[in-house]
Amino acid sequence: MKKRFLVCLAFGLYTMVSYAQAPPPDTEIFVFNLKEEKGKVTIEKGKNVTEHKGYDNQPYFYGEDHLLYTAYDNGQTDIIMLDLSNNKKTNLTNSKESEYSAAMVPGSESFAAVRVEEDGTQRLWLFQLNAKKSPQLVFENIAPVGYHAWSGSKVAMFILGTPVTLLTANTKKPDEKKITDNIGRTLKLIPGTVDFAFERTEENGDINIYRLNSNTSKYDLIVKKPENSSDWTITKEGTYVTSSESKILTFNPKYHNEWNEVTNFSSMGFSGITRMAVNENNTKIAIVINQ
């Protein structure tokens, strides 16, 4: 049984506690069909693809029909790959440690995930999809890592602490750099670019989404987040998608001046929407629902 479970990775708390003290929430992942034209998004025909009592969260698409996510069972969390075409599930980590926050590494058949090691240290590890090689540590001296996003060999990381910080580093050369602090847990590679998107809580309480230039490390404002909104994702066309209670909201810098409501899932009885992910072909969106 894995010894420790970092609750912050599941629901934003920043302390290490045992699962027995604070069980993770019961969440399910729904996948909907997505259509988009010039920033106008349509989401329809959703299906519960996990159907598993307990924690299923942190979705990340691999290609068109494969979904990586974090699942909790028997006192531990592992990274699961779900083939949406046949509903086949494969445990990709299945280790004595806990793993979270999987993301594919660009240009490879590998994914990175945060591993909670035996002594509680949280670092970024590299795993092969075919599991032919043992996992490899990415950055030996960078911890505790909570979340991450990749742009080639450049990695943006959410580093736990008081305050939490945004750190970038390169897997090919030593260039670790602190960008800013008070960031949120959502980190994304902006599709079609080498830049990252992240959110930051300002001194006045506003939460803004920024674009981080991967080369210069400078960041520029994209949009203020709606009130009471949760995590967000970005479509292939550059539309930002977030949620507020049971509503899905979108914003595209090219076409919109403000957030627009796309749909409301209140009729489906959803009690809350958290994380999201869009597949590479912009045809599916995964949405995490609190049960």
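Here, every reference points to the structure presented above.
The rules we used
- Residues numbered from 1 in each chain as written.
- Predicted model: local features only at pLDDT ≥ 70, side-chain atom pairs only at ≥ 80, totals over all residues.
- Heavy atoms only, no water.
- Helix = DSSP H or I, 4+ residues; strand = E, 2+ residues; numbered from the N terminus.
- Rg over C-alpha atoms; globule rule 2.2 N^0.38 Å.
- Buried < 20%, exposed > 50% of the residue type's maximum accessible area, 1.4 Å probe, protein only.
- Contact = heavy atoms within 4.5 Å.
- Pairing = 2+ DSSP bridges.
- Axes fitted to C-alpha atoms, helices over the stretch in contact; angles between N-to-C directions.
- Polar contact = N/O pair within 3.5 Å; in protein donor to acceptor, adjacent residues only side chain to side chain.
- Phe/Tyr/Trp six-rings, centres within 6.5 Å; stacked < 30°, edge-to-face > 60°.

Visitor: Whenever I open this one, the overall build of the protein confuses me. Can you help?
Guide: For the protein, the count of helices and strands is 1 helix and 26 strands. In terms of overall dimensions, the protein is globule-like: its C-alpha atoms have a radius of gyration of 18 Å, near the 19 Å expected for 291 residues. A buried classification covers 57% of the 291 residues belonging to the protein. Relative to all contacts within the protein whose residues are 6 or more apart in sequence, the contacts with residues 24 or more apart total 40%.

Visitor: What should I look at first to understand the sheet that holds strand S18 (residues 196–201) in this one?
Guide: Sheet strands pair via backbone hydrogen bonds, and the direction of the pair is either parallel or antiparallel. Taken in spatial order, the 4 strands make up an open sheet running S17-S18-S19-S20, and their pairing is antiparallel. Unpaired on one side and paired on the other, strand S17 (183–189) and strand S20 (219–224) mark the two borders of the sheet. Adjacent strand axes in the sheet meet at a mean angle of 25 degrees, parallel and antiparallel pairs treated alike. As paired strands, strand S19 (residues 207–212) and S20 are joined by 5 bridges and run antiparallel to one another. Each residue of the ladder has a partner; that of Tyr210, found in S20, is Leu221.

Visitor: For this particular structure, what's the right way to read the side chain of Gln58?
Guide: Assignment of secondary structure puts Gln58 in strand S5 (residues 56–62). Among the polar contacts made by the side chain of Gln58, one reaches the side chain of Thr70 at a distance of 2.6 Å. A distance of 2.8 Å separates the side chain of Gln58 from the backbone nitrogen of Ser101, its partner in a polar contact.

Visitor: Help me understand the pairing of strand S16 (residues 177–181), please; the structure alone is not making it clear to me.
Guide: By the bridge criterion, 4 bridges tie strand S15 (residues 165–170) to S16 in an arrangement that is antiparallel. Bridging across to S16, Thr165 finds its partner in Asp181. Here S15 hands over to S16 after 6 residues, the two strands then running antiparallel side by side.

Visitor: So what exactly am I meant to see when it comes to the sheet that holds strand S22 (residues 240–244) here?
Guide: Sheet architecture is open: 4 strands sit in the order S21-S22-S23-S24, paired in antiparallel fashion. This sheet does not close on itself; its edge strands, each paired only once, are strand S21 (229–234) and strand S24 (260–264). Taken pair by pair, the neighbouring strands of this sheet meet at an average axis angle of 25 degrees, ignoring direction. Two elements, strand S23 (residues 247–251) and S24, share 4 bridges in a ladder whose sense is antiparallel. Residue pairing in the sheet places Ile248 in a bridge with Thr263 of S24.

Visitor: Would you take a moment to explain the environment of Gly107 for this structure?
Guide: Within the secondary structure, Gly107 sits in the loop between strand S9 (98–104) and strand S10 (110–116). A relative accessible area of 90% means that Gly107 is categorised as exposed.

Visitor: Any chance you could explain the packing of aromatic side chains here in plain terms?
Guide: Summed over all chains, the structure comprises 11 aromatic pairs. Judged by centre distance (5.5 Å) and plane angle (55 degrees), the ring pair of Phe265 and Phe270 falls under tilted. With respect to burial, Phe265 and Phe270 carry one shared label: buried. Ring pairing ties together the aromatic residues Phe30, Phe32, Phe265 and Phe270, which thus form one cluster.

Visitor: Explain the side chain of Ser246 to me, please; I cannot follow it from the model alone.
Guide: Locating Ser246 in the fold gives a position in the loop between S22 and S23. For Ser246, a relative accessible area of 11% translates into the label buried. At 2.7 Å, the side chain of Ser246 and the side chain of Asn264 are in polar contact. Ignoring anything within four residues of it in the chain, the contact list for Ser246 reads Thr263, Asn264, Phe265, Ser266, Phe270 and Ile273.

Purely spatial values, then, with no claim about function.
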